[in-house]
Amino acid sequence: DSGVTQTPKHLITATGQRVTLRCSPRSGDLSVYWYQQSLDQGLQFLIQYYNGEERAKGNILERFSAQQFPDLHSELNLSSLELGDSALYFCASSAQGINQPQHFGDGTRLSIL
Amino acid sequence: AQKITQTQPGMFVQEKEAVTLDCTYDTSDPSYGLFWYKQPSSGEMIFLIYQGSYDQQNATEGRYSLNFQKARKSANLVISASQLGDSAMYFCAMREKTSGDNTGNQFYFGTGTSLTVIP
């Protein structure tokens, strides 16, 4: 058990809809990262938050947004969903320090019909 | 240029044999971290081993060791005494700072190597 909790585990929705993915980091970790993993794109970094503030941004679409709340949990909002957004979405958390690994949640599998 | 390159899409190894998974990286930052993760077919990402850019010795964690060659910018994972449960995707990753106060970090992942252990 990594200590990172992601909900829901599976999500099925239709094109054009909006969904929210939730992540609770490991106890004590201030950084949260979001990734998208699809078969053709591999593991793509989306965004990082540290203690409530955005700190690094990757290949995140404008239709996607995220935030980290005062209790350090984070949400990833995906809107105007397209078929190509079907993927496994991971949340990871880490402690501060270059030697600290990320610990991943089990992921949310999003299927767009 | 790719930050992390894994050139072996698929590898096969006989059970109980050792196998090396290749990883090269690209950075101009003197301070960085290198990591390997395992992703079994069930999907979860499992942290295996870490190597820091200033570490003088190669990292070791049980049957996993990291062959770190800084001048060549390579960080190959060696799995000794392979087991059937080692069959999985393996990802090499690098952590770089994106802010001076070390609160901003970005992890770069390679495309992965699919390892199959043959009985």
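All names here are of chain B. Here strand 2 (residues 10-14) shows a buried face lined by Met11 and Val13 and an unburied face lined by Gly10, Phe12 and Gln14. Across 5 bridges, the pairing between strand 2 and strand 12 (residues 113-118) is parallel. Within strand 12, the position partnered with Met11 by the bridge is Leu115.

A word on the sheet that holds strand 1 (residues 5-7) of chain A. All names here are of chain A. Spatially, the 4 strands line up as an open sheet ordered 1-3-8-7, and their pairing is antiparallel. Every other strand in the sheet has two partners, leaving strand 1 and strand 7 (64-68) as the edge strands with one partner each. Taking the axes of each pair of neighbouring strands and ignoring which way they run, one obtains an average angle of 15° across the sheet. Sheet topology places strand 3 (residues 19-24) next to strand 8 (residues 74-78); 5 bridges connect them, and they run antiparallel. Following the sheet pairing, Arg22 is matched in strand 8 by Glu75.

As a further point, take the interface of chain B and chain A. Taken together, the contacts link 24 residues of chain B with 24 residues of chain A. For the pair chain B and chain A, the two sides together bury roughly 1900 Å², of which 54% comes from carbon and sulfur. Of all residues in chain B, the largest losses of buried area upon contact with chain A belong to B:Met45, B:Arg95 and B:Thr103, amounting jointly to 29% of the total for that side. Put simply, chain B and chain A have 5 residue pairs in polar contact (both at pLDDT 80 or more) between them. Where the side of chain B that touches chain A is concerned, the elements lending two or more residues are strand 5 (33-39), strand 6 (46-52), strand 10 (88-97) and strand 11 (105-109) of chain B. Its residues assigned to classes, the side of chain B that touches chain A comprises 9 nonpolar, 10 polar and 5 charged.

This next bit is on the packing of aromatic side chains. Residue and element names in this part refer to chain A. Taken as a whole and judged by the stated rule, the model has 14 aromatic pairs over all chains. Geometrically, the ring pair formed by Phe90 and Phe104 is edge-to-face, given 5.7 Å between the ring centres and 90° between the ring planes. Of this pair, Phe90 sits in strand 9 (residues 87-94) while Phe104 sits in strand 10 (residues 103-104), placing them 14 residues apart in sequence. Taken as a pair, Phe90 and Phe104 share a single burial class, namely buried.

Let us look at the pattern of salt bridges. Under the criterion given, the structure shown has 8 salt bridges over all chains. The residue A:Asp106 makes a salt bridge to A:Lys9 at a minimum N-O spacing of 3.8 Å. Here A:Lys9 lies in the loop between strand 1 and strand 2 (10-13) and A:Asp106 lies in the loop between strand 10 and strand 11 (108-112), a separation of 97 residues in the sequence. Look at A:Asp106 and you get partly exposed, because its relative accessible area is 46%. For B:Asp26, the salt bridge identified is with B:Lys73, shortest N-O distance 4.0 Å. One end of the pair, B:Asp26, is in the loop between strand 4 (24-25) and strand 5; the other, B:Lys73, is in the loop between strand 8 (64-69) and strand 9 (74-79), with 47 residues separating them in the sequence. On the accessibility criterion, B:Lys73 (30% relative accessible area) is partly exposed.

Basis of the calculations
- Residues numbered from 1 in each chain as written.
- Chains lettered and ligands numbered in written order.
- Predicted model: local features only at pLDDT ≥ 70, side-chain atom pairs only at ≥ 80, totals over all residues.
- Heavy atoms only, no water.
- Buried < 20%, exposed > 50% of the residue type's maximum accessible area, 1.4 Å probe, protein only.
- Helix = DSSP H or I, 4+ residues; strand = E, 2+ residues; numbered from the N terminus.
- Pairing = 2+ DSSP bridges.
- Axes fitted to C-alpha atoms, helices over the stretch in contact; angles between N-to-C directions.
- Contact = heavy atoms within 4.5 Å.
- Buried area = accessible area lost by both parts, 1.4 Å probe.
- Polar contact = N/O pair within 3.5 Å; in protein donor to acceptor, adjacent residues only side chain to side chain.
- Nonpolar A, V, L, I, M, F, W, Y, C, P; charged D, E, K, R; others polar.
- Phe/Tyr/Trp six-rings, centres within 6.5 Å; stacked < 30°, edge-to-face > 60°.
- Salt bridge = Lys/Arg side-chain N within 4 Å of Asp/Glu carboxyl O.

Read these as spatial facts, not as claims about activity.
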